[in-house]
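Chain residues, written in single-letter form:
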Amino acid sequence: MSEEDKKRSLVFAVNGERFELPSVNPSITLLEFLRTQTRFKSVKLSCGEGGCGACVVLLSKYDPVQDKVEDYNVSSCLTLLCSINGCSITTSEGLGNSKSGFHPIHQRFTGFHASQCGFCTPGMCVSLFSTLVNAEKTNRSDPPTGFSKMTVSEAEKAIAGNLCRCTGYRPIADACKSFAADVDIEDLGFNSFWSKEENKETKLNRLPLYNPSDEICTFPEFLKKENNSAMSLDSERYNWYFPGNIEELQNLLNVHDSKWTEKKLVVGNTGTGYYKEIESYDRYIDLKYIPELSMIRMHETGIEIGAAVTISKAIEALKEENQRDFLTRGENVFRKISNHMEKIASGFIRNTASVGGNLVMAQRKHFPSDLATLLLAVDSTVEIMSGPRREKITLEEFLERPPLEINSVLLSINIPNWSSNRKPSQQENTMLLFESYRAAPRPLGNALPYLNAAFLAEVTPSNTSGRILVNHCRLAFGAYGTEHAIRATRAEQFLSGKTLNNEVLYKAVKLVRDSVVPEDGTVSPAYRSSLAVGYLFEFFSPFIDTRDKAIDGFLDESKYSSLARAFESAENQDQFHLNKIPALLSSAKQDIEFSRENYPVGEPISKSGASLQASGEAIYVDDIPSPTNCLHGAFIYSTKPLARVKSISLEPKQQLDGIVGVISSRDIPEAGENLGSKSIFGGELLFANDLTDGAGQRIALVVADSQKHADIAAKLAVVDYGLEDQEAPILSVEEAVRRSSFYEVPPFLYPKQVGDVSKGMAEADHKIISAKIKLNSQYYFYMETQTALAVPDEDNCMVIYSSCQCPEFAHSVIAKCLGIPEHNVRVITKRVGGGFGGKAIKAIPVATACALAAHKLNRPVRMYLDRKTDMIMAGGRHPMKITYNVGFKSDGKITALELEVLVDAGMSVDMSAVMPKNMLATLKKYDFGALSFDIKVCKTSNPSRSAMRAPGEVQGSYIAEAVIEHIASFLSLEVDSVRSRNLHTYNSLSLFYEQSAGEVLEYTLPSIWDNLAISSSFNQRTQTVKEFNRCNRWRKRGISRVPIVYQVTMRATPGKVSILRDGSVAVEVGGIELGQGLWTKVKQMAAFALASIHCEGTEDLLDKVRVIQGDTLSVIQGGFTAGSTTSEASCAAVKLCCDILVERLTPLKERLEQQMGPIKWEMLVSQGHMQAVNMAASTLYVPDLPSMHYINYGAAVSEVEVNLLTGETTILQVDMIYDCGQSLNPAVDLGQIEGAFVQGIGFFMLEEYLLNSDGLVISEGTWTYKIPSLDTIPKQFNVKIMNSGHHKNRVLSSKASGEPPLLLAVSVHSAARDAIKEARAQLLSWSGSVDKSSSIFNLDVPATMPVVKELCGLDNVECYLEWSLGKK
């Protein structure tokens, strides 16, 4: 290649290393390049949509004219590689690592216990680093030593777009805030740097030092010297074009060439996160370097923004202080637009997404855009170019036109300055009002809205009446299930010239409701219309009767005071209330009791490997380098239930290069079986035979030379179904009952009835008969999707690397499928990027399919499921329908409960037969007097459900709470008093739980219940909540206290400990590290147990212990890592091994001490090896009957606030006490407790895992499935870990922590119910009715915003206005 050609090559840097690519496919993303062609694996693929933050990197650009480097974080899964020519990329490895030293970010993430499975952690670290780097560029004053210029609010927002499924976010937020200049160090939570009682100065000194001047160089000097302009790229070679002006762009658009059939205009490519593109393009035209499209011009009449300007840059421009020089009156309109824009997507998307791209998606593809609504409200105009013709039109006209043609380009957007547009005739005291709104599952963005709105109005106060005259207004609504944002013109016309009063507002509200009508097929249409009404009411109602402001709960006092000032002073006309977002989280308390009796067991040491996870050096399955000739697989799945598969064909398109073949059930060896997974209850097919059992079932596996090619081929596969002469599928539990389609539950797993229900019912004063409950499913949303790598070995052997919670079962299934002996199979699992039960049975078919393809093709085969496929196949939590009868006394004491439960287990049995046992284990948390039940596990054509964190237990516990709530409403009693009245005595506990109840001292729930009331100030806060509700009309609060009683089972678990010649120790266990800290606890136990030999140096054994990866041929009988007890069982197995080794070494030690006096650990070990002592021990821990089952106890108080106009529920505070026994590691257990609780919030409040009419999952990514994020967790989360230590039969008196706390999240749901009850009573009072039945209602799970709003009244605004008009 000539020197000239080299200059025109794609050149960039990654972590200071130079990369030059002579050619590249222009469709390749930065993520794909980093993961397949570099050694940098910290950048993870999780969603592929820009919705999770796992793939975030820092992108740095150099401006040679200003000699400045611009740094911002981007989503590498959407960033196209050719777009970074001349740029520098920094990943988490580039910040620091184990060889050169970890960055303070890595160290603080580790010390604040902010990494569990670790898959999301590198992306979190880079997001924080980006914020730190940019904070240092501000002109703020220098911070104290060790801190940055970043603020606490910026620290929280830094990771607001990053998802984590393990930690519950609180420790991550603390790690980030520890860098903030304005942080109060006393507010930071539990960490390994300091203890609570130490003074502030000591705490500051203990933090790993952060010195901004030592920060890494994000843009290397060699790249500055090369000064490769991005536009110097050889366009013909890369099919990537950089027009430098409008004329060049026109020429490129007008080329009519057979080779130019498909061309794509590119700025940030973020649209592909929403509109998935399978097709590739012949030419990519990058618009970023056209000056006219990248400019921002501020002038007296407004701001003009080029279409290629990023949303982040537009936000900066709208906020710039120097606007004040010439924009005095409309400045707040711009500011409020920018505040709203900060809720669009997340920072790493806004940094590359363009303003024009967003609007073109809204116009061309009906994308639910916030920008379109905002800009429509302020009468923005756009300039478009079609061929040689350019025209300026209003945004409204633009949106209403037919979709923009590919050769037409949006050039710019003009946002008018409303202050300068006033007519001279207008009165001097006229005010400009502007507000914007969005209702979305996440307050800070990273979620599409149900509806957005923006209102602009000019109003004039009357000097005589004190009322407000609306001169004119613009009311824009969007994203509610319509083609594009619209104006409610009839309402605008009606309001113009009117003096505001309730009657006028009532009529306007009616007009808006008639205007905002979602299209057919839109989800929650009535809710969206009610939002429009609510927002219009919120906008205008403060100006109707300010004397009534005290009980308009959504209104801010400052709005009134600033309005009053504004009306008093004409000079201050536009200085009305600004929406300032405060810090998301307030300080939280972690009260942890721990004992040093068994040091280092019980110490809150940081999680093993956390620093490696933070730096991105921790190896997950997909990080293992591909072996030579490796192939990649992708599943083709059925989209129809009970259909005959006639044929599968792949589209013969050009982009299907690299396809090697299609593997199906026909390729299973003659000696093998069509087996994809198995449990003790039965197996599941690897691939459907001729007839599919349900939608989402695997039909075949496409094998290709890359994961991308395999995924594309699978998506384009055409399956020909035969539906004739087929029995109708079973798509509901009712249909399953009608057709007697059930799975068998083994008698030993079916729980026993308790007491005499007939007698209990006869004793009851009251009965509730045939009450109904419905519970929906939940998806695991582990950050790492299902993945495996199979490598053929000599002599017909197979090595499989699998992200699996039960490698032993995978091992057996693979051997059966291939028809080979089990000793020919080895399954290796190092760590799992989140499991929650979803990587147990459901991981096995992925490993098996890879092994089958590798066996047939005799080449390595790997697979990493894309998020959509993973969600379709995962199954998730069991949905169910419950009918109950309950008898109770007038004081709320329950005498009998009868249940009928229909569990939808789906198309294969999986682990579903355990559901009756698990449900009853937690449902029995209250003394029901007598309890009978009929639980049917239904076989349907829906997705096969599997175990998910607290499987059955969370549903059982919820049913108990629903019964209690119903009784309290029926009797008009306080719910808490009914709960307290039905708590178990030790005698009733022994009746319901028999031998699991343990000794009387072990029953700690009564003391937890009472202590929680005191520590959380429950009774006082209950009164405060009542007072709040009395004083606030549009916000209501609720508070709830809930207990848990959670029975767990210990299982047999293997362990192996080897002491090597240098005194270091290698430990193997059957349990798998999923992020739950199993390795950490095992390390502590090994160090503790070996230290009992009492040599010099054994006190430092912890650093000498390494837990190594699971290997099914090295440690057999590994079983499941599930049920919360694997960590303690693994510790028990390791202790047994260590006891054996200590026993072997003790005689040698005594002989050596007689000869030499005190000896060192290394000397003892060395002599042991020399004298042929067996220095390895393996064992199988088998729990004895008294310690096999035990019960966990805890309780939580949650307080929430519900917005009656939107249905949004804000969790204000959670207080929890949880009995961990004598914790093996309080830091690890705290992480499990908080993480489980937040996952429970997801189940009860947020996550909708929906199916279509064929039973196919339609919640298929981050756009449609919303797990909790930093802005949806409790504002204050106080946890006390109670160290009861009464459990001598347990492993060093410890208890489980992984699953039980998840059940306590029902307290949030119950608190929301409490708030809704107040809203319904208020609604009833407006109608003048005294009907008490309003307090009896079902609050669905999840209690999403539409669900809550519907119960609060979809027409509550109209009801209020009618009431107020009638009152007057």
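The structure we're discussing is the one just above.
Residues numbered from 1 in each chain as written. Predicted model: local features only at pLDDT ≥ 70, side-chain atom pairs only at ≥ 80, totals over all residues. Heavy atoms only, no water.

*Asks:* Would you mind going over the pairing of strand 42 (residues 1276-1282) with me for this structure?
*Replies:* As a general feature of sheets, a regular strand has side chains that alternate between the two faces. Taking burial as the measure, the seven residues of strand 42 include six buried ones, the bulk of the element. Inspection of the sheet shows strand 18 (residues 590-592) paired to strand 42 by three bridges, in the parallel sense. Note on strand 42: the bridge partner recorded for Q590 is V1279. Summarising the sheet, strand 41 (residues 1209-1219) and strand 42 pair through seven bridges and their orientation is parallel. Bridging across to strand 42, D1215 finds its partner in N1278. (Buried < 20%, exposed > 50% of the residue type's maximum accessible area, 1.4 Å probe, protein only. Helix = DSSP H or I, 4+ residues; strand = E, 2+ residues; numbered from the N terminus. Pairing = 2+ DSSP bridges.)

*Asks:* What's the story with the sheet that holds strand 21 (residues 659-663) in this structure? I'm lost.
*Replies:* Sheets are built from strands paired through backbone hydrogen bonds, the pairs being either parallel or antiparallel. Judged by pairing direction, the sheet is mixed, and its eight strands sit side by side in the order 21-24-19-30-27-28-29-38 without closing on themselves. Lying at the two open borders of the sheet, with one neighbouring strand each, are strand 21 and strand 38 (1110-1111). The pairing of strand 27 (residues 787-793) with strand 28 (residues 797-802) spans six bridges and is classified as antiparallel. Looking at the pairing, P792 lines up with M798 of strand 28. Strands strand 19 (631-637), strand 21, strand 24 (698-704) and strand 30 (861-864) of the sheet are contacted by helix 24 (residues 707-716), whose axis makes an angle of about 20 degrees with strand 19. On top of the sheet, helix 27 (residues 807-818) reaches strand 28 and strand 29 (825-829); it is set at about 150 degrees to strand 29, its chief contact. (Contact = heavy atoms within 4.5 Å. Axes fitted to C-alpha atoms, helices over the stretch in contact; angles between N-to-C directions.)

*Asks:* Would you mind showing me how to read the packing of aromatic side chains here?
*Replies:* Any aromatic ring pair is given by two values, namely how distant the centres are and how the planes are angled relative to each other. Applying the stated rule across the entire model yields 47 aromatic pairs. With a centroid separation of 6.4 Å and an interplanar angle of 50 degrees, the aromatic rings of W240 and F242 are classed as tilted. Among the residues examined, F242 registers a relative accessible area of 8% and is labelled buried. When the ring of Y779 is compared with that of Y1265, the centres are 5.8 Å apart and the planes differ by 85 degrees; the resulting orientation is edge-to-face. In this pair, Y779 is assigned in the loop between strand 26 (766-775) and strand 27 and Y1265 in the loop between helix 40 (1226-1246) and strand 42, connecting sequence segments 486 residues apart. Here Y1265 falls in the buried class, since its relative accessible area comes to 1%. Among the aromatic residues, those joined into a cluster by ring pairs are Y437, F455, F477, Y535, F539 and F540. Above the ring of F781, the side-chain terminus of R867 is found at 4.2 Å from the ring centroid. (Phe/Tyr/Trp six-rings, centres within 6.5 Å; stacked < 30°, edge-to-face > 60°. Lys NZ or Arg CZ within 6 Å of the ring centre and 35° of its normal.)

*Asks:* What am I meant to see in the pattern of salt bridges here?
*Replies:* Opposite charge on two side chains permits them to pair, given that their charged atoms come into close proximity. Under the defined criterion, the tally for this structure stands at 73 salt bridges. Of the charged contacts, one joins R35 and D623 as a salt bridge, the two residues approaching to 2.6 Å between their closest N and O atoms. One end of the pair, R35, is in helix 2 (residues 30-37); the other, D623, is in the loop between helix 23 (610-615) and strand 19, with 588 residues separating them in the sequence. Overall, R35 belongs to the buried group, its relative accessible area being 11%. A salt bridge links K1056 to E1068; its shortest N-O distance comes to 3.8 Å. In this pair, K1056 sits in strand 35 (residues 1053-1059) while E1068 sits in strand 36 (residues 1065-1069), placing the two residues 12 residues apart along the sequence. Overall, the relative accessible area of 24% leaves K1056 in the partly exposed class. Residue class for E1068 comes out buried when judged on its relative accessible area of 10%. Here the residues in one salt-bridge network are K925, E961, E965, R979 and R1313, joined through shared partners. (Salt bridge = Lys/Arg side-chain N within 4 Å of Asp/Glu carboxyl O.)

*Asks:* What is the right way to read empty space enclosed by the protein from this model?
*Replies:* Empty space among the atoms becomes apparent when a probe as large as a water molecule is rolled across them. Applying the stated criterion across every chain yields a total of 15 cavities of 30 Å³ or more. The calculated volume of the largest cavity comes to roughly 180 Å³. Lining the largest cavity are 19 residues, with E684, R698, K842, M873 and A874 sitting closest to its centre. Elements represented by at least two residues in the lining of the largest cavity include exactly helix 28 (844-857) and helix 29 (867-873). For the lining of the largest cavity, the element with the highest residue contribution is helix 29, accounting for four residues. Its residues placed into classes, the lining of the largest cavity shows 10 nonpolar, five polar and four charged. In this structure, the second largest cavity encloses a volume near 100 Å³. (1 Å grid on protein atoms, 1.4 Å probe; cavity = no way out; pocket = protein on both sides within 12 Å on 5 of 7 lines; lining within 4 Å. Points joined across faces, edges and corners; volume = space filled by probe spheres on them. Nonpolar A, V, L, I, M, F, W, Y, C, P; charged D, E, K, R; others polar.)

*Asks:* Where do I start with a negative patch on the surface in this structure?
*Replies:* Where like charges cluster on the molecular surface, the negative patch consists of E1096, E1099, D1100 and D1103. Inspection of the secondary structure puts D1103 in the loop between helix 36 (1078-1090) and strand 37 (1105-1107). (Patch = residues over 30% accessible without salt bridge, like charges linked within 9 Å, V, L, I, M, F, W, Y side chains within 5 Å. Areas by Shrake-Rupley, 256 points an atom, 1.4 Å probe, with all protein chains shown as cover. Lys, Arg positive; Asp, Glu negative; His and termini not counted. Charge placed at Lys NZ, Arg CZ, Asp CG, Glu CD.)

*Asks:* Any chance you could explain the sheet that holds strand 32 (residues 894-906) here in plain terms?
*Replies:* Taken together, four strands build an open sheet; the order of strands is 26-31-32-33 and the sheet is mixed. Two strands in the sheet have a free side with no partner beyond their single neighbour: strand 26 and strand 33 (931-939). Strand-to-strand, the axes of this sheet are offset by a mean angle of 10 degrees, without reference to chain direction. Bridge count between strand 26 and strand 31 (residues 880-888): eight bridges; the pairing is antiparallel. Across the sheet, residue L775 finds its bridge partner in strand 31, namely M880. Across the sheet, helix 30 (residues 915-923) touches strand 31, strand 32 and strand 33, and the angle it forms with strand 33 is around 145 degrees.

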